[in-house]
Amino acid sequence: MMFGVFFIDYGDEMVIPKSNIYQLKREFALSQAQAFVCRLVGLEELYEASTSSEVLQSILYKQVILEMGADNIFDENSTDLSIPVFLYDFQTGNSINQEMIPLLTIESASPVLQKDTITEVYVSNIESNSDVYIHIHSHGFDSLQQMLATLETQILTNPPTNLIAPITKQNCEDKSYKLDDHWYRVTIIDWSPNEDLAQIYFVDYGNTDVINIKEDILYPLDKLSEILSQYPHQAVRVRMAGINNVPRTL
């Protein structure tokens, strides 16, 4: 007969035969368990998408410095017994929490099409040159939609007007913005000669638009959410096989 057991001093589980289970001496049975359930502060939104994460496994048995999170306040009504913590690399002192954010986002949400397999997708945009942009149905994409919806509610409740600043050709490179009117992640890809108009690209849908840079409000996404600003773009460009051989109708 086999039993699933939990090692209270290490936090891991194992299936072992009944013959390997013995009654513990009372002096050891009364000793405090040495394993504590912790959560990395700032990464809570990524946990569900990374339950089998190789990135999280990489810190297993790693010697770290632990700092308790400021929100470690006992709530008798809460069912979450995990301890919020910050981890720092023992050798370098670097924040493991911060290093994990881009690694986990890439791991959990990068859209990938597997060769020779059937994948469920959603067509988000079709260009005149027959380029098709798709969403790959995944937990990472669903998590993105949930995080954007939460962020939108927060901004509608308390608009971060202090983050609104003039956007110029010089300071817009390699940044993502949240368009005030549509609530999508966008990036600026081109400017008019006098820099009053800008062409934006919807990184999660594959389509473009032109906005008046002085009339439309663009929020810097990296100031609103570090996770969302580093979240992989979800629009995947594909081309339909054989479409170039089909005559187009005007």
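Residues numbered from 1 in each chain as written. Predicted model: local features only at pLDDT ≥ 70, side-chain atom pairs only at ≥ 80, totals over all residues. Heavy atoms only, no water.

1. Focus on a nonpolar patch on the surface
Where nonpolar side chains cluster on the molecular surface, the patch consists of M1, F3 and I21 and spans about 320 Å² of accessible area. One can find M1 in the segment before β1 (2-6). (Patch = residues over 30% accessible without salt bridge, like charges linked within 9 Å, V, L, I, M, F, W, Y side chains within 5 Å. Areas by Shrake-Rupley, 256 points an atom, 1.4 Å probe, with all protein chains shown as cover. Salt bridge = Lys/Arg side-chain N within 4 Å of Asp/Glu carboxyl O. Helix = DSSP H or I, 4+ residues; strand = E, 2+ residues; numbered from the N terminus.)

2. Here's the deal with the UniProt feature "domain: Tudor" (unreviewed entry) in the chain
Within the UniProt annotation, "domain: Tudor" (unreviewed entry) is assigned to residues 1-31 and 165-226. Each end of residues 1-31 is marked by a C-alpha atom, and these two atoms are 28 Å apart; helix forms 13% of the span and strand 32%. (UniProt positions renumbered as here; feature names shortened; annotations may be inferred.)

3. Notes on the nonpolar core
Within the largest apolar cluster, 22 residues are counted, with the highest numbers of intra-cluster contacts made by L40, L43, M100, L228 and Y231. Mapped by element, the contributors of at least two residues to this core are β5 (83-89), α4 (96-109), α5 (139-157) and α7 (226-230). Beyond its immediate chain neighbours, meaning those up to four positions away, L228 contacts L144, M147, L148, L151, R185 and L221. If you look at the next biggest cluster of nonpolar residues, it comprises 13 residues, including C172, V186, F202 and I211. (Core = buried A, V, L, I, M, F, W, Y, C linked by side-chain atoms within 4.5 Å. Buried < 20%, exposed > 50% of the residue type's maximum accessible area, 1.4 Å probe, protein only. Contact = heavy atoms within 4.5 Å.)

4. Re the sheet that holds strand β3 (residues 38-40)
The three strands lie next to each other as β3-β5-β4, forming an open sheet whose pairing is mixed. Both outer strands of the open sheet, β3 and β4 (64-68), are each paired with one neighbouring strand and no more. Adjacent strand axes in the sheet meet at a mean angle of 50° when their direction is disregarded. Summarising the sheet, β3 and β5 pair through three bridges and their orientation is parallel. Its bridge partner being in β5, R39 is matched across the sheet by P84. (Pairing = 2+ DSSP bridges. Axes fitted to C-alpha atoms, helices over the stretch in contact; angles between N-to-C directions.)

5. Some remarks on the pattern of salt bridges
Should the charged atoms of two oppositely charged side chains come close, the side chains can pair. This model, assessed by the stated rule, comprises three salt bridges. Here D89 and K62 are joined by a salt bridge, their closest N and O atoms 3.1 Å apart. With a gap of 27 residues between them, D89 in strand β5 and K62 in the loop between α3 (54-57) and β4 connect regions that are remote in the sequence. Residue D89 is classed as buried on the basis of its relative accessible area of 12%. K62 gets classed as partly exposed once you look at its relative accessible area, which sits at 37%. Across the pair D204 and R185 runs a salt bridge whose closest N-O atoms are separated by 2.7 Å.

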